[in-house]
Amino acid sequence: MKIKRITVWQKTLPLSKPYWLSGGRLKFEALDSTILRIETDTGLSGWGEGCPWGHTYLPAFGGGIRAGLELLAPQLLGQQATAIDRLNQMMDVVLPGHPYIKSPIDIALWDLLGKHAELPVYTLLGGADGDHIDVNSSISTGTPDEMVSLIEEARAKGYRTHSAKLGGGHPQTDIDRIEAIEAALQPDEFVTYDINRAWTPAVAIEVMNSASARGWFEQPCETFDQCRHVRQHTTQPIMLDECMHSLQDHLDGWRYGACEGVKVKPNRLGGLTKSRQVRDFCTSVGWRMHIEDVGGTVLADTAAMHLALSTKAENRLASWLAHAHLIDDPAPDQGARNRDGKVVLPDKPGLDVEPDLDWLGEPVAVYGAV
Ligand code: MG
């Protein structure tokens, strides 16, 4: 099954409401998504998506994906599509680093492999553990009362795990937010406080040691070493996210005791192949993971949910769905959808998401003979 053609689309995806992280430090109103299709000489084709969460969140931006594909796509033509590890190794030689550029290609290759094998991608990634994935809400930073009412709204929609965004302003403001949320939580609910790098180590230590919280604190500070310093001076479990880019970062996280869990995001790590490697390492050391993608439509979300479902249940926490924040939908009713706080994946080959060609419109690039 050889790669015959790669077609690339660019889509600007408006958010249903502007998104703020870290007290306004990171604000944006639309995402820049790259969707691609890999066609093969057997007639099978696979779909992938790469969509950074704005251009201020990680060292990644939408235009970077399309620029990188100009280098990578011609090298992939004529190659054996099922040789996913070989193709990842080749991409790393052609363009070292830049994992976010490779993610949509790698996702499309897994979709193809699933269709070729007539198996869902979660079966190829290790097999389903359980029959669903729990979905978590995303609670924007606000006053304590505003955040509690957002949690109540999420609860009414079936969510039992919440990702509450903190940071920005006086440390006491975050302490007040935490105290209000903890008081409002029901016994079967969980919360991860996501700081998105907004605290200095001193503020992190002050807030975490002052507020009574039983949940996780995610990426309190900018760098790995700062978070590790906070880990040594606090007691709550810490989850790392934005500072983790490679398997080596995770090896260091374990070696230096920097955290008890991580976010596993295909777009940040370079696709499902590298995310699976990280997932297997994290499982072996007993960490827990939120597995989800950085951003994108139901296509990127569904790829991440296949990885989540194939992860040992006791090591996985709830997953977030980026597409719930978007107005547009390339594949209505397909793929990973939130039903009362749960995602159930169809037992179909590949990812089972086929974007609508009319919605996609004209491609921005076609590699290979038309
Ligand atoms: Mg995060």
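In this text the structure is predicted, and so the values were computed from the model without any measurement.

Participant: So what's going on with the overall build of the protein chain? Residues and values would help.
Facilitator: Each helix and strand in the protein chain was counted, giving 13 helices and 13 strands. At 20 Å, the protein chain has a C-alpha radius of gyration in line with the 21 Å of a compact globule built from 370 residues. On the principal axes, the C-alpha backbone points of the protein chain span a range of 60 × 40 × 35 Å. Burial status across the protein chain gives 56% buried among its 370 residues. Considering only residue pairs separated by 6 or more positions, the protein chain has 71% of its internal contacts joining residues 24 or more positions apart.

Participant: Can you explain the packing of helix α9 (residues 247–255) against helix α11 (residues 272–285)? Please cite residues and give values.
Facilitator: The relative placement of two packed helices is expressed as an angle between their axes plus a distance between the axes. With their axes 10 Å apart at the nearest point, α9 and α11 run at an angle of 10° to one another. As the angle between them shows, α9 and α11 are arranged roughly parallel. Where α9 crosses over α11, the handedness of that crossing is right-handed. Side by side, α9 and α11 meet where Leu247, His250, Leu251 and Trp254 of the first sit next to Gln277, Val278, Phe281, Cys282 and Val285 of the second.

Participant: Outline the domain arrangement of the protein chain, supporting the account with residue identities and numerical values.
Facilitator: Frequently, the measure chosen for interface size is the accessible area removed from exposure when the parts meet. Domains assigned within the protein chain are domain 1 (3–118 + 355–368) and domain 2 (123–343). If you average the C-alpha positions of domain 1 and of domain 2, the two centres end up 23 Å apart. Facing 42 residues of domain 1, the contacting portion of domain 2 comprises 44 residues. Summing the contributions of domain 1 and of domain 2, the shared interface buries around 3,500 Å²; its carbon and sulfur component is 59%. For the pair domain 1 and domain 2, the interface holds 1 salt bridge. Lysine 274 is the partner of aspartate 92 in a salt bridge, and the nearest nitrogen-oxygen pair spans 2.7 Å.

Participant: Any chance you could break down the side chain of aspartate 293 for me, citing the residues and the numbers?
Facilitator: Secondary-structure assignment places aspartate 293 in the loop between β11 (288–291) and α12 (298–309). Looking at aspartate 293, its side chain comes within polar contact range of the main-chain nitrogen of asparagine 267, at 2.9 Å. Beyond its immediate stretch of four places on either side in the chain, aspartate 293 contacts Ile107, Lys265, Pro266, Asn267, Ala300, Ala304 and Trp320.

Participant: Talk me through the state of the cysteines; I want residue IDs and the actual numbers.
Facilitator: In total, this model carries 0 disulfides according to the counting rule given. Among the cysteines around cysteine 282, which has no disulfide bond, cysteine 259 carries the closest sulfur, lying 7.7 Å off.

Participant: Lay out unusual backbone geometry in plain terms, naming residues and giving numbers.
Facilitator: With a phi close to 50°, asparagine 196 is a non-glycine residue in the positive phi region. With respect to the secondary-structure elements, asparagine 196 resides in the loop between β7 (190–194) and α7 (201–210). Within the chain, arginine 197 stands out as a residue other than glycine whose phi angle is a positive 80°. If you trace the backbone, arginine 197 turns up in the loop between β7 and α7. The buried category is assigned to arginine 197, whose relative accessible area is 11%.

Participant: Which residues make up the environment of threonine 223, and what are the values?
Facilitator: If you trace the backbone, threonine 223 turns up in the loop between β8 (216–218) and α8 (224–232). Separated by 20 residues in sequence, threonine 223 and cysteine 243 place their C-alpha atoms 6.1 Å apart.

Participant: I'd like a description of the pattern of salt bridges, backed by residues and values.
Facilitator: In total, this model carries 21 salt bridges according to the counting rule given. Two residues, aspartate 174 and arginine 177, come together in a salt bridge whose shortest N-O distance is 2.7 Å. Here aspartate 174 pairs with arginine 177, and both are found in helix α6 (residues 171–184), just 3 residues apart, close to one helical turn. Arginine 177 gets classed as buried once you look at its relative accessible area, which sits at 9%. Across the pair arginine 255 and aspartate 252 runs a salt bridge whose closest N-O atoms are separated by 2.8 Å. Of this pair, arginine 255 and aspartate 252 are both found in helix α9, 3 residues apart, which corresponds to roughly one turn of the helix. The network of salt bridges with common partners includes Arg5, Arg37 and Glu39.

Basis of the calculations
- Residues numbered from 1 in each chain as written.
- Predicted model: local features only at pLDDT ≥ 70, side-chain atom pairs only at ≥ 80, totals over all residues.
- Heavy atoms only, no water.
- Helix = DSSP H or I, 4+ residues; strand = E, 2+ residues; numbered from the N terminus.
- Rg over C-alpha atoms; globule rule 2.2 N^0.38 Å.
- Buried < 20%, exposed > 50% of the residue type's maximum accessible area, 1.4 Å probe, protein only.
- Contact = heavy atoms within 4.5 Å.
- Axes fitted to C-alpha atoms, helices over the stretch in contact; angles between N-to-C directions.
- Parallel < 35°, antiparallel > 145°, perpendicular 65-115°, else oblique.
- Left-handed = near helix turned anticlockwise from the far one by under 90°.
- Domains from an automatic or database assignment.
- Buried area = accessible area lost by both parts, 1.4 Å probe.
- Salt bridge = Lys/Arg side-chain N within 4 Å of Asp/Glu carboxyl O.
- Polar contact = N/O pair within 3.5 Å; in protein donor to acceptor, adjacent residues only side chain to side chain.
- Disulfide = S-S within 2.5 Å.

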